[in-house]
Amino acid sequence: MNQLLKKFPEEINRILARYPIDRKQAAVMPLLHLAQGEEGFVSRTALQEIAEITGISTTEVASVVGFYTLFHDAPEGKIRLQVCTDVACDLRGATEYLTELCEKLGIKPGETSTDGLITIEEVKCLAACDKAPLFQAQIGDEVDYHENQTPARTIDWLRSMSAALIGTPLKTISLEETKPEEGGSHE
Amino acid sequence: MSELILLRHREVAGLNQLKTYIADGGFETWKKVVTSRKPEEVLNDVKASGLRGRGGAGFPTGVKWSFLPNNIWPHYVVANSDESEPGTFKDRELLEFNPYLFIEGLMLTSFAVQANDAYIYFRGEFSQIAKKFDERLAELTAKGLLGDALFGTNYSLRIHTHLGAGAYICGEETALLESIEGRLGQPRLRPPFPAVAGLFDKPTVINNVETLANIPYIMEKGVDAFRKNGTEKSPGTKIFSLSGRVKKPGNYELPLGTTFRELIFKHGEGIINDAKVKAIMPAGASSTLIPATDAALDTPMDYESTTAIGSPLGSASVMVLDETVNISRVINNTVHFFSHESCGKCTPCREGNFWMSHISDRIESGKGKKDDIELLNSVATQMQNKCFCALGEFSTMAVVSGLQHFRADFEARLES
Ligand SMILES: Cc1cc2nc3c(=O)[nH]c(=O)nc-3n(C[C@H](O)[C@H](O)[C@H](O)COP(=O)(O)O)c2cc1C
Ligand code: SF4
Ligand code: FES
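Values in this document were obtained by computation on a predicted structure and should not be read as measured data.

*Asks:* Explain the overall build of chain A to me, using residue names and the numbers behind them.
*Replies:* Across its full length, chain A carries eight helices and four strands. For chain A, the N- to C-terminal ordering of α and β elements is α-α-α-α-α-β-α-α-β-β-β-α. For chain A, the spread of C-alpha atoms along the three principal axes comes to 55 × 35 × 25 Å. When each of the 187 residues of chain A is scored for burial, the buried share is 54%. Counting only contacts in chain A whose residues sit at least 6 apart along the sequence, the fraction spanning at least 24 positions is 59%. With 18 positive and 30 negative side-chain charges, chain A shows a separation of 3 Å between the mean positions of the two kinds.

What follows is the structure in structure tokens.
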């Protein structure tokens, strides 16, 4: 039984209705988003189920997952904290921000914290270059922007998320030294 | 500052709410056009306005629409909301704060080419915006501004959203179409052009968000009003995304033809710590590096004048570099960007960017030899005119111009 179809019959019908009836393959990306929203990544089973719904091979669905950076085929940290270090952000200190943040958290870009809360990733332009340094947080399939950051400000946010997402206080190496900072111009 | 047309939400609070937009006269043009004007009249007005595409290439919008054949149906319109060029953040402001202007533009465009289905392709990072759009589109349908038999005519229009998932190349129009169709975002061979065989192999218009947001004004106020701003060949206002080493980065809507100097020093309030401006990248990472001479600063930012000093205007994402910036580091950043974003379809771009990143890393880490500078230049120039799509070409521009004008910055990094 196709679990995805069973769980989201209406949503899937709505997705399929957006495209011509003989072009079901077009539903691949929306379906991948749907599956990823459930599990935080696209599982092997989800690949097969999406292949079944869209009438293409599992390999083809897997290659789509591989091509796009926001689709993931393995579970990582609950929060994927993605920092833009592209040119315009680099010109405004994003690289230094990322380095300092990584030091405080004790993980490097690409790594996941041992409590499974955070995976840090370095990403390309997020179309918010005037508000650097910034990161986007991908949680499940939701993406949120956090602009005009300092490492202290980010840690402060992570502290609140830690309690909410994994129910334990944020564990970082140099947490004690980090004092929460005044608000700044976050919008 | 001139009249704000696209960024009007900065003057009218709450314009991203339907009732405010309607109270401000929104969708009246839409209703009037559907009930009382012919599609070809809309097309002719947009042609006469001289509006040029704001997504990068600056191609005349009305001319592009006129390429759709009238013997192949259905027609589609696709809005390019992929906004991924480093330094560009104008579409995002429109999508968040003035979304109905863009939607009305998309509707008018669909009517002009008699498309009954239109798609908005959002970059994956805009998932919140896309979700909000689904709600907005449902509300418009409920209000009878979208849907079947609009205002009692026989014209119907549905607008759908499609969310990408992180791939710069999907901004390229044919890769974008592949992505909607559920495949890898890799560019298609042209011809056939999308105007003839685009989405689902049918005639398709693809326009940028900002381009579409100009249409309601043209249809409401007329061609002459639109042409009041800008230059003869580049009419209208444009949103300039100003970033980098300026005191006040941000979006500025100004007439096309405004000088770099005015943008950087008047609106951007000059350079951080009043340092000297060193170079300008007018089209984001896809630019040539233009040394900031007086002549360059006094150049009007329109399509022709900017091209004449060596770089396309692109989507007008003006990145400013000052004397504290080493150009080798900037190049290192752009080659890594393109290396990451190369779709891998053709060898010159895939391999060339891999090698450029490699050589540039060596130079940046202080292990480079004098020959590496020549090698970098040689890889870049060999790639030129050999890549399958424009991304490959873009990736060489900053490298070649950077080495041409700022070689000392690279030499300073070499192994001593
Ligand atoms: C590598 C590459 C990336 C592009 N990215 C975008 C983009 O993010 N947004 C956009 O509107 N156009 C982008 N374009 C331009 C589109 O291919 C296309 O020309 C544009 O959407 C047409 O709309 P316009 O005529 O309204 O400008 C890109 C082109 C290339 C070659
Ligand atoms: S030039 Fe680069 S992005 Fe374009 S098709 Fe070739 S590999 Fe893909
Ligand atoms: S360069 Fe970082 S958001 Fe644009």
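*Asks:* Lay out the pattern of salt bridges in plain terms, naming residues and giving numbers.
*Replies:* Scanning the model with the defined rule gives 46 salt bridges over all chains in all. Between B:D148 and B:R158 there is a salt bridge whose closest N-O contact spans 3.5 Å. Within this pair, whereas B:D148 is found in the loop between α7 (127-142) and β3 (158-163), its partner B:R158 is found in strand β3, the two being separated by ten residues in sequence. On the basis of relative accessible area, B:R158 is assigned to the partly exposed category, the value being 35%. In this structure, the salt-bridge partner of B:E181 is B:R183, at a minimum N-O distance of 2.5 Å. Classification of B:E181 by relative accessible area gives buried; the value is 3%. Look at the salt bridges and you will find they share partners, linking A:R23, B:E178, B:E181, B:R183, B:R188 and B:D201 into a network.

*Asks:* How would you summarise the interface of chain A and chain B if you had to cite specific residues and measurements?
*Replies:* Listed by partner, the interface residues are 41 residues for chain A and 61 residues for chain B. Of the roughly 3,900 Å² buried between chain A and chain B, counting both surfaces, carbon and sulfur atoms make up 55%. Counting the contacts that link chain A with chain B gives six salt bridges. In this structure, A:D90 engages B:R329 in a salt bridge whose closest nitrogen and oxygen atoms are separated by 2.5 Å. Viewed at the interface, chain B and chain A are joined by 29 residue pairs in polar contact (both at pLDDT 80 or more). Mapped by element, the contributors of at least two residues to the side of chain A that touches chain B are α3 (28-39), α5 (58-67), α6 (87-90), α7 (94-105) and β4 (142-146) of chain A.

*Asks:* Got a sec to walk through the packing of aromatic side chains? Specific residues and values, please.
*Replies:* Across all of its chains, the model carries 19 aromatic pairs over all chains by this definition. Summarising the aromatic geometry, the rings of B:Y76 and B:F200 are spaced 5.7 Å apart at their centres and angled 75° between planes, so their arrangement reads as edge-to-face. Note that B:Y76 is positioned in strand β1 (residues 76-81) and B:F200 in the loop between α8 (173-180) and β4 (204-208), a separation of 124 residues in sequence. For the pair formed by B:Y76 and B:F200, the shared burial category is buried. Taken together through their ring pairs, the aromatic side chains of A:Y19, B:Y76, B:Y119 and B:F200 make up a single cluster. Here the basic side chain of B:R123 rests over the ring of B:F126, its NZ or CZ set 5.7 Å away from the ring centre. Note that B:R136 overlies the ring of B:F133, its terminal NZ or CZ placed 5.9 Å from the centroid.

*Asks:* Could you give me a rundown of the site of ligand 1, with the residues and numbers involved?
*Replies:* Residues and elements named next belong to chain B. Around ligand 1 sit 20 residues in total, of which G55, K64, N207, N208 and T211 are the nearest. Between an oxygen atom of ligand 1 and a main-chain N or O atom of G55, the distance comes to 2.7 Å. Between an oxygen atom of ligand 1 and a side-chain N or O atom of N80, the distance comes to 2.9 Å. Contact with the protein chains covers 90% of the free accessible surface of ligand 1, which is 620 Å². Where the shell around ligand 1 is concerned, the elements lending two or more residues are β4 and α18 (390-405).

*Asks:* Any details on the environment of B:Y119? Residues and values, ideally.
*Replies:* Within the element layout of this structure, B:Y119 appears in strand β2 (residues 117-122). Take B:Y119: its relative accessible area is 1%, and that puts it in the buried class. In this structure, the C-alpha to C-alpha distance between B:Y119 and B:A79, residues 40 residues apart in sequence, is 6.2 Å. For B:Y119, the contacting residues outside a window of four places in its chain are A:R18, A:Y19, A:P20, B:Y76, B:V77, B:V78, B:A79, B:H160, B:I180, B:L199 and B:F200.

*Asks:* Break down helix α16 (residues 347-364) of chain B for me, with residues and values.
*Replies:* All names here are of chain B. If you check α16, its first and last C-alpha atoms are 25 Å apart, about what 18 residues at 1.5 Å a residue would give, namely 26 Å. Within the sequence span of α16, burial applies to C349, G352, N353, M356, S357, I359, S360 and I363. At the C-terminal side of α16, G366 shows a positive phi close to 80°.

What counts as what
Residues numbered from 1 in each chain as written. Chains lettered and ligands numbered in written order. Predicted model: local features only at pLDDT ≥ 70, side-chain atom pairs only at ≥ 80, totals over all residues. Heavy atoms only, no water. Helix = DSSP H or I, 4+ residues; strand = E, 2+ residues; numbered from the N terminus. Buried < 20%, exposed > 50% of the residue type's maximum accessible area, 1.4 Å probe, protein only. Contact = heavy atoms within 4.5 Å. Lys, Arg positive; Asp, Glu negative; His and termini not counted. Charge placed at Lys NZ, Arg CZ, Asp CG, Glu CD. Salt bridge = Lys/Arg side-chain N within 4 Å of Asp/Glu carboxyl O. Buried area = accessible area lost by both parts, 1.4 Å probe. Polar contact = N/O pair within 3.5 Å; in protein donor to acceptor, adjacent residues only side chain to side chain. Phe/Tyr/Trp six-rings, centres within 6.5 Å; stacked < 30°, edge-to-face > 60°. Lys NZ or Arg CZ within 6 Å of the ring centre and 35° of its normal. Near = heavy atom within 4 Å. Areas by Shrake-Rupley, 256 points an atom, 1.4 Å probe, with all protein chains shown as cover. Expected span 1.5 Å × (residues − 1).

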